[in-house]
Structures are given as structure tokens and as C-alpha cells.
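Survey of secondary and tertiary structure
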Amino acid sequence: MDCNGSDIRGLDIHAGPRSEDVLPASATAAVKVVIVGGFGVGKTTLVGAVSEIRPLTTEETMTQAGVGVDDLAGIEHKTETTVAMDFGRISINEQLVLYLFGTPGQERFWFLWNGLFEGALGAVVLLDTRRLEVSYDVIGQLEERGVPFVVGVNRFPESPTYPMAQLRAAMDLDEAVPMVECDARDRASCRDILLTLMRYLYTLTTVSPEHQ
């Protein structure tokens with residue numbers, strides 16, 4: 001398997017972890033977050049852009065096996081796809097560390113979601129405005145599982161722009177669910193959406209039961 005982010009071939013297994021991969025001694029809390037969305041919306045890109053360690057990816061070259069199965073409309077130039085998960089880590093501050101798990105987007109790989117969602121505190125859903133329909137079922141899955149989430153509208157250079165209110169209506173999102181623009185290639189933008197999720201999760205813990 002050719003993993004773009006991390007390749008174990010040729011590594012000295014006795015060398016120990018690299019200094020940049022060691023968890024900060026000040027870290028007191030760790031949170032598992034999943035990055036979800038339809039096929040080709042930018043999940044692997046986001047994890048790679050924001051991770052402070054070299055991300056682990058499981059991208060494989062797309063083959064004829066996916067012809068007629070994976071919908072490439074709007075992403076015809078895509079040549080690789082995640083077949084298991086992406087993994088990265090980011091320290092939000094000196095105490096809080098997020099472990100990021102990117103899920104495969106194709107429905108045929110959704111059987112892997114059960115393990116990836118186990119223990120997750122929340123999720124980021126990425127949208128591609130060229131192909132909103134690929135994320136409908138993803139949001140439905142999160143709602144069924146009761147996983148809190150925020151929505152990031154990933155701005156591809158060629159993607160059409162719509163008002164947030166229009167996108168929220170199209171996705172049938174509750175007004176309480178945060179929706180923000182983001183650029184999955186930009187570390188600062190990715191960090192901002194993760195902070196948005198953390199703030200949203202905090203508000204959920206402070207809302208009184210009668211207002212839930």
C-alpha cells in the first residue's frame with residue numbers, strides 16, 4: 001500500500017518516535033474528531049494541511065474497479081482515493097490535543113465508519129458546492145448516530161458560491177449547527193473550523209436540559 005502521508009518502508013523501527021511526533025508534556029486532554037463528507041470533498045487534504053505530525057493516509061490509486069461505482073462528476077481529475085482512513089493530530093492549546101480521523105467518502109466503504117466513530121466527540125462535515133448531493137447521506141448518518149457536527153463549505157477555485165442561508169436550507173440543517181467557509185488546503189482555515197467545532201461542543205454541554 002502506497003501511503004502518501006506516511007510510508008513505513010525503510011524506517012528504523014528501533015529509532016523511536018521523531019521529536020515532532022511526541023505528544024507535548026503539557027497535554028492533559030485528548031479528543032477524537034472525525035472528518036467526514038462525500039467522495040472527493042477534501043477530507044484528506046484537510047487532515048494533511050492541519051496536522052502537526054506527518055499524517056497517516058491510506059490513499060490508493062483509483063482503478064477500473066471504481067468505474068460505474070464512484071461518481072466522478074465534477075472531480076474528473078481525481079486519481080487517488082482514501083480506502084480506510086486518514087489520521088493526524090493537532091494541539092489546540094498547551095492542554096488540548098485533537099486526534100483527527102478522516103473517513104472514506106464512498107458509500108461502499110461506509111462499513112468502516114463504525115470503528116472510526118467509536119469514541120468520537122464530534123465531527124466536521126466538508127461540503128463541495130459543486131456536488132452537494134454527495135453529503136446528504138453523510139449528514140443523515142451523523143444525525144442517526146447522534147454525533148454533534150459542524151459544516152465546513154470547502155471553497156474550491158472553480159466551485160459556485162451560494163449564500164450560507166441557501167446552503168443551510170439545501171442541506172436541511174438546523175439553525176443551531178454552525179456552518180462556515182473554509183479552505184481545506186490552508187492550515188489556519190482548517191484550524192478555525194476545528195475551533196468552531198470545539199466551541200459548539202462546549203455550548204452543547206452548557207445548554208440547560210429544558211432548552212435542548
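It should be emphasised that the depicted structure is a prediction, and the values quoted were computed from it without experimental measurement.

What counts as what
- Residues numbered from 1 in each chain as written.
- Predicted model: local features only at pLDDT ≥ 70, side-chain atom pairs only at ≥ 80, totals over all residues.
- Heavy atoms only, no water.
- Salt bridge = Lys/Arg side-chain N within 4 Å of Asp/Glu carboxyl O.
- Helix = DSSP H or I, 4+ residues; strand = E, 2+ residues; numbered from the N terminus.
- Buried < 20%, exposed > 50% of the residue type's maximum accessible area, 1.4 Å probe, protein only.
- Pairing = 2+ DSSP bridges.
- Axes fitted to C-alpha atoms, helices over the stretch in contact; angles between N-to-C directions.
- Contact = heavy atoms within 4.5 Å.
- Phe/Tyr/Trp six-rings, centres within 6.5 Å; stacked < 30°, edge-to-face > 60°.
- Lys NZ or Arg CZ within 6 Å of the ring centre and 35° of its normal.
- Parallel < 35°, antiparallel > 145°, perpendicular 65-115°, else oblique.
- pLDDT = per-residue confidence, 0-100.

**Side note on the pattern of salt bridges**
In this structure the tally under the stated criterion is seven salt bridges. When the shortest N-O distance is used, the salt bridge between arginine 130 and glutamate 158 registers 2.5 Å. Of this pair, arginine 130 sits in the loop between strand 6 (122–128) and helix 3 (136–145) while glutamate 158 sits in the loop between strand 7 (149–154) and helix 4 (164–170), and the two are 28 residues apart along the sequence. Residue class for arginine 130 comes out partly exposed when judged on its relative accessible area of 22%. Given the relative accessible area of 52%, glutamate 158 is considered exposed. Between aspartate 183 and arginine 185 there is a salt bridge whose closest N-O contact spans 2.9 Å. In the salt-bridge network here, residues are joined through shared partners; they are Asp128, Arg130, Arg131 and Glu158.

**What to know about the sheet that holds strand 6**
One open sheet holds the six strands; their spatial order is 4-5-1-6-7-8, and the pairing between them is mixed. Here the strands that pair on one side only, and so sit at the sheet edges, are strand 4 (86–91) and strand 8 (179–182). Ignoring strand direction, the axes of neighbouring strands in this sheet form an average angle of 25 degrees. Two strands pair when backbone bridges link them, and strand 1 (residues 29–37) and strand 6 are joined in this way by five bridges, in the parallel orientation. Paired with valine 33 across the strands is glycine 122, a residue of strand 6. Sheet contacts for helix 5 (residues 187–206): strand 1, strand 4, strand 5 (96–102), strand 6, strand 7 and strand 8; angle to strand 7, the most-contacted strand, approximately 155 degrees.

**Digging into the pairing of strand 4**
Within strand 4, five of the six residues are buried, which leaves it mostly tucked inside the rest of the structure. When strand 4 meets strand 5, the two strands line up antiparallel, connected through six bridges. Residue pairing across strands places isoleucine 90 opposite leucine 98, the latter belonging to strand 5. Turn length for the strand 4-strand 5 hairpin, with the two strands adjacent in sequence and antiparallel, is four residues.

**Notes on the packing of aromatic side chains**
The description of an aromatic ring pair rests on the distance of the ring centres and on the angle between the ring planes. Summed over all chains, the structure comprises two aromatic pairs. Each ring, one from phenylalanine 87 and one from tyrosine 99, has its centre 6.0 Å from the other, and the planes form 15 degrees; the classification is stacked. Here phenylalanine 87, found in strand 4, pairs with tyrosine 99, found in strand 5; they are twelve residues apart in sequence, far enough to count as distant. Chaining the aromatic ring pairs together yields one cluster made of Phe87, Tyr99 and Phe101. Here arginine 130 stacks its cationic end above the ring of phenylalanine 156, 4.4 Å away from the centre of that ring.

**What about the packing of helix 1 (residues 43–50) against helix 5?**
Where helix 1 meets helix 5, the closest approach of the two axes is 8 Å, and the angle between their N-to-C directions is 100 degrees. Taken as axis vectors, helix 1 and helix 5 run roughly perpendicular relative to one another. Between helix 1, through Leu46, Ala49 and Val50, and helix 5, the contact on the second element is made entirely by Arg187, Cys190, Arg191 and Leu194.

**Some points on the confidence of the model for the protein chain**
Here the protein chain averages 78 in pLDDT, while 66% of its residues score no lower than 70. In this model, residues 13–17 is a region of pLDDT below 50 whose contacts with residues beyond four sequence positions or in other chains number one contact. Counting contacts from residues 60–70, a segment whose pLDDT is below 50, to residues more than four positions away or on other chains yields 20 contacts.

**Looking at the pairing of strand 1**
The buried fraction of strand 1 amounts to seven of the nine residues, a majority that puts the element mostly inside the structure. Inspection of the sheet shows strand 1 paired to strand 5 by seven bridges, in the parallel sense. Residue pairing for strand 5: valine 33 is matched across the bridge by leucine 100.

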